[in-house]
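Listed here are the chains, written in short residue letters.
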Amino acid sequence: MTTPTSASVPAPVTPRAVHRFLTEHDPPTPCLVVDIATVVDRYRGLAAAFPDTRVQYAVKANPEPAVLRALAREGAWFDVASPVEIDLCLDAGADGARLSYGNTVKKPADIAHAHSAGVAEYTCEADSDLDNIAAHAPGAQVSARLLTDAPASVTPFGRKFGCAPTQAARLLVRAAELGLDPVGVSVHVGSQQLDLTAWDPAVAAAAEVFAATAVRGLRLRRINVGGGLGTSYRDAAPTPADYARAIRAAVDHHFPTGAPELVVEPGRAVVAEAGVIRAEVVLVTRKAPDDEHRWVYLDIGRYNGLAETENEAIAYHLEPVPRDGDHSGARTDDANGPVIIAGPTCDGDDVLYLHTPYRLPESLRAGDRVDILATGAYTASYSSVAFNGIPPLPVHCINGHDIDGQSDEGGATRGD
Ligand SMILES: *Cc1c(COP(=O)(O)O)cnc(C)c1O
């Protein structure tokens, strides 16, 4: 039933509350259902796995107000990348002093907005941005983003962000001269990073910056080890405890005389498993009668929520939903056959899985529903405004089985 043939891990578990909501409400598809209780559960699990570490949620993974409200109530910090993300966090009840502006690409007006919101910390990698921070957020905490040669992650950042340790050291010394408070460095070893050794060279580079600035009289105090903590989709991801152990070992090794403050900045690991997308099969067809593969077109694709299927990077678990009255579940025990899975738009790139082997029941037909599991991260937040007239992915946030806004504030019902 779970479809990649080389699946090496069990399918992610759909939170019970999500299952109940989908059964009771049968919402129009496509839609994403997010269980807030599961978000809180994952956040608490991360906070427990990383003691004495600030856990800072990367808002871009899922900026739903109900998600942000629940995390603000938990006392989470937030990594924000734009004025709109700042305002979303403030509206959700977060204190500006618990926001960190992690985007190194920002305009002077963005910095001024952040400063007026009380944002605590700014990440930079270039002189002009540092000058803007000094001008528009005088006295603010500043960290420098390091470019590191991490082993490839599933969705790597490439060389877009960060600078060499020598440049980071120079920027931080300059930050002090500009009246700013240089606190340390930040790294990100790539999202869905399944290689636990990825953090060691990053922390080593951080130690280089600490040493290079110490000789110039600066005492840096903080390392932001970024996000990258994985979710088990098709391949098993390490657990939060595994990540914590590897990161702690790297810090202890490269800072033998005393560890700096640590910040971890997960996005995916907080929200992915809390969400399920329900989609509908729009068309099933063979391109020729004797083709082995059927093409299965869904009402969701690259542009309305499944952006991370680019290069087939993330192979989600697909689960056909039994048809009405089909309580035996016999359909999903049907013989499965190979399929190519595509989205609904008139764009040739809107093919989700051409090379990744997927199998779906031979009886699958238009109108059937399919659940796409562990899709709480980087789905709705990536969906386009209306490519081909298809609106952004609707999101239902639930807690227990109530729709957000009705009983979210109660927060007592656990979803799984
Ligand atoms: C996207 C992002 C994160 C979160 O990454 P995940 O891989 O989702 O954990 C953290 N920090 C920064 C600066 C980011 O851009």
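The sections below set out a description of the structure shown in this document. Small disclaimer: the values here were computed from a predicted structure and weren't measured.

## Points about the packing of helix H5 (residues 108-116) against helix H6 (residues 127-136)
Between H5 and H6, the least distance of the axes is 9 Å, while the angle of their chain directions is 40°. Viewed along their axes, H5 and H6 adopt a mutual orientation that is oblique. The crossing of H5 and H6 is right-handed. Between H5 and H6, the residues in contact are Pro108, Ile111, Ala112 and His115 and Asp129, Asn132, Ile133 and His136, respectively. Across the contact of H5 with H6, the residue classes break down as 4 nonpolar, 3 polar and 1 charged.

## Describing helix H4 (residues 83-91)
Burial in H4 covers these residues: Glu85, Ile86 and Cys89. One face of H4 carries all of its buried residues, which in axial projection span an arc of 105°. With respect to the buried face of H4, the exposed residues turned more than 90 degrees away are Val84 and Asp91. Just past H4, the residue glycine 93 takes up positive phi, approximately 100°.

## Quick word on the pattern of salt bridges
Taken as a whole, this structure holds 19 salt bridges when the rule is applied. Across the pair arginine 222 and glutamate 261 runs a salt bridge, and its minimum N-O distance is 2.9 Å. Taken together, the residues arginine 222 in strand E8 (residues 222-224) and glutamate 261 in strand E9 (residues 261-264) connect sequence positions 39 residues apart. Given the relative accessible area of 6%, arginine 222 is considered buried. Arginine 278 serves as the salt-bridge partner of aspartate 371, at 2.6 Å between the closest nitrogen and oxygen. One end of the pair, aspartate 371, is in strand E15 (residues 369-372); the other, arginine 278, is in strand E10 (residues 275-285), and 93 residues separate them in sequence. Across the pair, arginine 278 and aspartate 371 agree in class, each one buried. Through salt bridges with shared partners, a single network forms among Arg54, Glu121, Asp181, Arg221, Arg222 and Glu261.

The rules we used
Residues numbered from 1 in each chain as written. Predicted model: local features only at pLDDT ≥ 70, side-chain atom pairs only at ≥ 80, totals over all residues. Heavy atoms only, no water. Axes fitted to C-alpha atoms, helices over the stretch in contact; angles between N-to-C directions. Helix = DSSP H or I, 4+ residues; strand = E, 2+ residues; numbered from the N terminus. Parallel < 35°, antiparallel > 145°, perpendicular 65-115°, else oblique. Left-handed = near helix turned anticlockwise from the far one by under 90°. Contact = heavy atoms within 4.5 Å. Nonpolar A, V, L, I, M, F, W, Y, C, P; charged D, E, K, R; others polar. Buried < 20%, exposed > 50% of the residue type's maximum accessible area, 1.4 Å probe, protein only. Arc of directions from axis to C-beta. Salt bridge = Lys/Arg side-chain N within 4 Å of Asp/Glu carboxyl O.

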